Amino acid sequence: MTFAQEHEGILASAQQLLDNHLNESAELLLGYLLSTIPPTHNDPETLSVYSKASALLGDACVAGGQDNRALGLYCTAYRILNNHGRKDSLEERKFLSTLKERQALCYSRLGLLKEAIDEAERIPVADASVKVLMKLAGWYEERMLLKQAKEAYINILRKEPLATEAMMGAIRYGVEFDDLIRCFPATAAGTWTKDYIWSYFAARKHRYVDALQKLERLEKLTPLPNCDVLLSQADCHYKSGDLLKSHTAFRKVLKRDTTVVKHMDRYAILLAKRGQRGALEQNANALSKRNPKRKESWLAMACSRREQGDLPTALSFVQKALDLDAKYAEAWLMKGELLVSSGKIQDAIPMFRVALAYDESLAAYEGVLTCYLTQERLAEAHELTANIGARMSGLPNALILMGSVLQASGGPEGHKSARGMFEQAYKSNPRCTAAVLALVTACEKDGDDQLAVQLLKEHAGDIQLATLHCRMAEIFFRHAKHEEAMEQFSTALQIDRNFEPAAKGLKKLNKMLESDPMTLLADSDDDDGDDMLSNEY
């Protein structure tokens, strides 16, 4: 057996050991091989063996969590082969590229993102694997190099046309859907994927009605419910402000598959908005136990702790989510919201800005606007709402944000214009809870409590929210309708027994009635026809 044959046999055995996850065995065998080759040996064939053995030993070190050592081995392997290898060999050129990829991945795991990008950029695009290009796109995003991220996603699609993650990444940073048409094969699966990606494109453009229509057609194409389609429907309904339909879609998903993790962070936020704290806590705990390496699990935990008033723990869970994915827009958004709740308004603004860079959502815009209005930075608030209007005109939640800035401007004209915005938002989607509550507040300011109660009652018939019943109770209390107020406070607490505004309102009402029991009797005998709230309400 020749020198080369013997060493090639050892390399093959080491590779087999690595494939079987016997990392220490491979490390021992490769250490032996490297110790038999003198460092001064200049034979190209021998140096090639040394280079390959160093690279395999680096792989064994990576598997054992020794990234620093692995990085040194990969650098040694690259230097030897680059200096003494056959420049005309396609095989060696590809091997050099894989060594650069391994170096880049080591730098990334060591937290050296700039160095990781530098190494990856040295690989010719023609030789780069889809895996490293996906990593490179993600590293660009983490460093806010979004133009470069877009180009990386386009390069991926040139190699792997059906990489939907790359399609979505390209769309996020400005690629039009028509530029992706060539990616889809003329098959049933290709057509289905094309329509699914189109719905994603429409949703990114805030064309939720168009996206939902496409998703409804996709839903009818398969005999069994498709979780990805249902989750996209739930997300579109949520972002358009229709919490009831969003909840219904999520329930369909969980009926189909209780182990789904994708978008369960959104479901957790939805449960919080609905006041279902018990279900939220149960859902979050189950997610974190089953899927501790998924970012959605920790955001759900953060959402649950926030609802319990434990802001520091909620913030620590948000950081866990960001440690898993630094590009996680929802986590940056919640971090901003938690900082606002802690009174750190100025610190919150950059968090919302990062969230907007990764996902231009109304919730992130709302976060920035809340900070501006709190700081009385009205000029900047108006400038931001002009941008919102240009990008998302017609969406109920966008109209509400624009109305809130007009309201903050003060004066009768500001209030009148704001109410007009809220009415427009309500007309565009009467099922939008935020639109209902905004219009109710405007009605109360105008003394139109009868219409306010009517709106709340109609909406409470569609969706059980403690907030709706509490708002009704407050109006009834203000008009000395104590029986009705008590009933609505109690209903709110039945929906969410920890809902603090309802608990405080009921306590105040009971205290008043205890001090003057005749108040309730007088209330029941009151037939004053001039009362703004008739017995009908």
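For the structure, check the block above.
Presented here is an overview of the structure given in this document. (Residues numbered from 1 in each chain as written. Predicted model: local features only at pLDDT ≥ 70, side-chain atom pairs only at ≥ 80, totals over all residues. Heavy atoms only, no water.)

Overview of the overall build of the protein chain
Inference 1: In terms of helices and strands, the protein chain carries 29 helices and zero strands.
Inference 2: By the compact-globule yardstick of 24 Å for 537 residues, the protein chain is too spread out, its C-alpha radius of gyration being 30 Å.
Inference 3: Each principal axis of the C-alpha distribution contributes one length, and for the protein chain these read about 110 × 50 × 50 Å.
Inference 4: Taken across its 537 residues, the protein chain has 49% of its residues classed as buried.
Inference 5: Within the protein chain, contacts between residues separated by at least 24 positions form 52% of all contacts whose residues are at least 6 apart in sequence.
Inference 6: Taken as a whole, the protein chain presents about 26,100 Å² of accessible surface, with 51% of it coming from carbon and sulfur. (Helix = DSSP H or I, 4+ residues; strand = E, 2+ residues; numbered from the N terminus. Rg over C-alpha atoms; globule rule 2.2 N^0.38 Å. Buried < 20%, exposed > 50% of the residue type's maximum accessible area, 1.4 Å probe, protein only. Contact = heavy atoms within 4.5 Å. Areas by Shrake-Rupley, 256 points an atom, 1.4 Å probe, with all protein chains shown as cover.)

Quick word on the packing of aromatic side chains
Inference 1: Inspection of the entire model under this criterion finds five aromatic pairs.
Inference 2: Aromatic pair Trp192 and Tyr196: ring centres 5.6 Å apart, planes at 5°, arrangement stacked. Here Tyr196 and Trp192 lie together in helix α10 (residues 188-204), a separation of four residues that amounts to about one turn.
Inference 3: Classification of Trp192 by relative accessible area gives partly exposed; the value is 21%.
Inference 4: The class for Tyr196 is buried, based on a relative accessible area of 10%.
Inference 5: What links up through ring pairs into an aromatic cluster is the set Phe177, Phe184 and Phe201.
Inference 6: Against the face of Trp198 rests Lys214, its NZ or CZ located 5.2 Å from the ring centre. (Phe/Tyr/Trp six-rings, centres within 6.5 Å; stacked < 30°, edge-to-face > 60°. Lys NZ or Arg CZ within 6 Å of the ring centre and 35° of its normal.)

As for the packing of α10 against helix α12 (residues 227-240)
Inference 1: One can describe the packing of α10 onto α12 by two numbers: an axis separation of 11 Å at closest approach and a directional angle of 15°. Judged by the inter-axis angle, α10 sits roughly parallel to α12. Of the two possible hands of crossing, α10 and α12 adopt the one that is left-handed. Here Trp192, Tyr196 and Ala203 of α10 lie close against α12, whose contacting residues are Asp228, Val229, Ser232 and Cys236.
Inference 2: Broken down by class, the residue content of the contact of α10 with α12 amounts to five nonpolar, one polar and one charged. (Axes fitted to C-alpha atoms, helices over the stretch in contact; angles between N-to-C directions. Parallel < 35°, antiparallel > 145°, perpendicular 65-115°, else oblique. Left-handed = near helix turned anticlockwise from the far one by under 90°. Nonpolar A, V, L, I, M, F, W, Y, C, P; charged D, E, K, R; others polar.)

What to know about the environment of Arg471
Inference 1: Here Arg471 shows up in helix α26 (residues 466-478).
Inference 2: Sequence separation of Arg471 and Leu356 is 115 residues, and the distance between their C-alpha atoms is 32 Å.
Inference 3: Once you skip the residues sitting within four places of it in the chain, Arg471 turns out to touch Leu437, Val440, Thr441, Glu444 and Leu456.
Inference 4: Separated by 2.7 Å, the side chains of Arg471 and Glu444 make a polar contact. (Polar contact = N/O pair within 3.5 Å; in protein donor to acceptor, adjacent residues only side chain to side chain.)

Concerning the nonpolar core
In summary, soluble globular proteins display a tendency toward joint burial of nonpolar side chains.
Inference 1: Membership of the largest hydrophobic core comes to 176 residues, with the highest contact counts inside it found for Trp139, Tyr153, Ile197, Met264, Val318, Met334 and Ile388.
Inference 2: Ignoring any residue separated from it by four or fewer positions in sequence, one finds Ile388 in contact with Leu362, Tyr365, Leu369, Ser393, Ala398 and Leu401. (Core = buried A, V, L, I, M, F, W, Y, C linked by side-chain atoms within 4.5 Å.)

Details of the pattern of salt bridges
Inference 1: Within this structure, the stated rule accounts for 34 salt bridges.
Inference 2: Note that Glu8 is salt-bridged to Lys52, the shortest N-O span being 4.0 Å. Note that Glu8 is positioned in helix α1 (residues 3-19) and Lys52 in helix α3 (residues 44-63), a separation of 44 residues in sequence.
Inference 3: By relative accessible area, Lys52 is classed as partly exposed at 26%.
Inference 4: Within the structure, one salt-bridge network assembled from shared partners comprises Arg204, Asp235, Lys239, Arg266, Glu330 and Asp359. (Salt bridge = Lys/Arg side-chain N within 4 Å of Asp/Glu carboxyl O.)

Concerning the side chain of Thr385
Inference 1: Secondary-structure assignment places Thr385 in helix α21 (residues 378-392).
Inference 2: Under the relative-accessibility criterion, Thr385 is labelled buried at 8%.
Inference 3: When near neighbours in sequence (up to four residues on either side) are disregarded, Thr385 contacts Leu369, Leu401, Met402 and Val405.

Some remarks on the state of the cysteines
Inference 1: Counting across every chain of the model gives zero disulfides.
Inference 2: No disulfide involves Cys303; its nearest neighbouring cysteine sulfur is the one of Cys432, lying 18 Å away.
Inference 3: In this structure Cys303 comes out as buried when scored by relative accessible area, which is 0%.
Inference 4: With no disulfide of its own, Cys470 lies 18 Å from the sulfur of Cys443, the closest cysteine sulfur.
Inference 5: Among the residues examined, Cys470 registers a relative accessible area of 3% and is labelled buried. (Disulfide = S-S within 2.5 Å.)

Looking at helix α11 (residues 208-219)
Inference 1: The end-to-end C-alpha distance of α11 is 16 Å, a good match for the 16 Å that twelve residues give at a rise of 1.5 Å each.
Inference 2: Contacts from the buried residues of α11 go to α10 and α12. (Expected span 1.5 Å × (residues − 1).)

Digging into the packing of helix α24 (residues 433-445) against helix α25 (residues 449-460)
Inference 1: At their nearest, the axes of α24 and α25 sit 8 Å apart, and the two run at 165° to each other. Relative to α25, the element α24 lies roughly antiparallel. Note on packing geometry: the crossing formed by α24 with α25 is left-handed. In this structure, α24 contributes Thr433, Val436, Leu437, Leu439, Val440, Cys443 and Glu444 to the contact, and α25 contributes Asp449, Leu451, Ala452, Leu455, Leu456 and His459.

A few points about the environment of Asp210
Inference 1: Summarising the element assignment, Asp210 is placed in helix α11.
Inference 2: Each C-alpha atom of the pair Asp210 and Asp449 lies 36 Å from the other, and the pair is 239 residues apart in sequence.

Remarks on unusual backbone geometry
Inference 1: Within the chain, His206 stands out as a residue other than glycine whose phi angle is a positive 65°.
Inference 2: The residue His206 is located in the loop between α10 and α11 in this model.
Inference 3: Residue classification places His206 among the buried positions, given a relative accessible area of 10%.

Structural measurements only, silent on function.
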